[in-house]
Amino acid sequence: NQFCMNLKVGEYAKAKDAKWIVFTSSNGVNMFFSRLREEHIDQRKLACFHFAVIGEGTGNKLQEYGYVADFIPSVFSGECFGDELSKILHKEDWVYLPRAVGGSKELINRFLHKTDHVVDMGIYDLRLNMNMDSADTVNKLQTCDYLAFFNSSTVHEFMEQFENKEILSQVSVAALGMKTELELEKWGVTGQIISNGCQVEELCNMIREDYQKEWND
């Protein structure tokens, strides 16, 4: 099947050729191992792979499936991730990115400076399949206190499909990471709560603290 072909599971590379599975989100980790189960792929076949994760939160999610990341960048950002991992890649290495369909090409381009073997797997779709401008959706947003974005791709998809952006001025917008914040700014939206870390729990705690502060005031 296509998933197995993309991953080349079972096709062990030469000993000198490293094979990296690169995760850019916890969601990507979950979806990857879900697909392994669906395709009845034995996880022992991953023994020849190295794992790289964009941050501590993604690394913790990977550990839930029994694997420890071989590489975590010093800073939680796509730019740092691409630059630092590229430094240890070799021309013969294979890099696999199980991530959302339509992900940014920026990370791929950084890897392509070191190796020609980069596979963008596109194993799940972030595109929203609901009518974002329906009365029901608008009503829900009007009753929200907070609107949280956990990655830049979600910001892009939401903004492209939601035309009634004036409503966003009525809620507090929260963002996880600098890249998510920058994507919001591209659409003219300023985030009130910004977490520069990589942990979803951190952003949730910041929202909780902000809500409690508003309630007490």
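This report concerns the structure included in the present document. (Residues numbered from 1 in each chain as written. Predicted model: local features only at pLDDT ≥ 70, side-chain atom pairs only at ≥ 80, totals over all residues. Heavy atoms only, no water.)

### Quick word on the overall build of the chain
Point 1. Looking only at helices and strands, the chain has nine helices and seven strands in total.
Point 2. Of all 217 residues assigned to the chain, the portion counted as buried reaches 43%.
Point 3. A separation threshold of at least 6 residues defines the contact pool for the chain, and within that pool the share at least 24 residues apart is 65%.
Point 4. Summed over its atoms, the accessible surface of the chain is roughly 12000 Å², and 49% of this surface lies on carbon and sulfur atoms. (Helix = DSSP H or I, 4+ residues; strand = E, 2+ residues; numbered from the N terminus. Buried < 20%, exposed > 50% of the residue type's maximum accessible area, 1.4 Å probe, protein only. Contact = heavy atoms within 4.5 Å. Areas by Shrake-Rupley, 256 points an atom, 1.4 Å probe, with all protein chains shown as cover.)

### Some points on the sheet that holds strand β7 (residues 193-195)
Point 1. Ordered by their spatial adjacency, three strands build an open sheet running β5-β6-β7, and the pairing between neighbours is parallel. Pairing within the sheet leaves two strands with one partner each, and these edge strands are β5 (146-149) and β7. Here the strands of the sheet are splayed against their neighbours by 15 degrees on average, with no regard to which way each runs.
Point 2. As paired strands, strand β6 (residues 172-176) and β7 are joined by three bridges and run parallel to one another. Opposite L176, over in β7, you have S195 as the bridge partner.
Point 3. The strands touched by helix α8 (residues 178-186) are β5, β6 and β7; relative to β6, the strand with the most contacts, the crossing angle is about 135 degrees. (Pairing = 2+ DSSP bridges. Axes fitted to C-alpha atoms, helices over the stretch in contact; angles between N-to-C directions.)

### Structural notes on the pairing of strand β4 (residues 117-120)
Here is the key point about a regular strand: its side chains alternate between the two faces of the sheet.
Point 1. With four bridges joining them, strand β3 (residues 94-97) and β4 adopt parallel strand pairing. Across the sheet, W94 pairs through a bridge with H117, a residue of β4.
Point 2. Following the chain from β3 across helix α5 (residues 106-112) to the adjacent parallel β4, one finds a crossover that is right-handed. (Right-handed = clockwise from strand over helix to strand, strands pointing away.)

### Section: the nonpolar core
Point 1. Counting residues in each nonpolar core, the largest one holds 20 residues, and the members touching the most others are I21, F23, F32, F33, L46, F51 and L62.
Point 2. Counting residues per element, the ones that place at least two in this core are β1 (19-23), α2 (26-38) and β2 (49-53).
Point 3. If sequence neighbours within four positions are ignored, F23 has contacts with G28, V29, F32, F33, F51, A52, V53, I54, T58, L62, F81 and P98.
Point 4. Grouped together as the second largest cluster of nonpolar side chains are 16 residues, V138, V171, V173 and I194 included. (Core = buried A, V, L, I, M, F, W, Y, C linked by side-chain atoms within 4.5 Å.)

### Section: the environment of V101
Point 1. Locating V101 in the fold gives a position in the loop between β3 and α5.
Point 2. For V101, a relative accessible area of 39% translates into the label partly exposed.
Point 3. Once the C-alpha coordinates of V101 and M121 are considered, the two residues, 20 residues apart in sequence, prove to be 7.9 Å apart.

### Description of helix α4 (residues 78-86)
Point 1. Regarding α4, the residues found buried are G78, C80, F81, G82, L85 and S86.
Point 2. The inward-facing, buried residues of α4 abut β1, β2 and α5.

### A word on the pattern of salt bridges
Point 1. Counted by the stated rule, this structure contains ten salt bridges.
Point 2. The shortest N-O distance in the salt bridge between E39 and R35 comes to 3.7 Å.
Point 3. Owing to a relative accessible area of 25%, E39 belongs among the partly exposed residues under this scheme.
Point 4. A salt bridge links K186 to E183; the nearest nitrogen and oxygen atoms lie 3.6 Å apart. Placement of both K186 and E183 in helix α8 is noted, with a separation of three residues, approximately one turn of the helix.
Point 5. Judged by relative accessible area, E183 falls into the buried class, the value being 11%.
Point 6. Because the salt bridges share partners, they merge into one network encompassing R35, E38 and E39. (Salt bridge = Lys/Arg side-chain N within 4 Å of Asp/Glu carboxyl O.)

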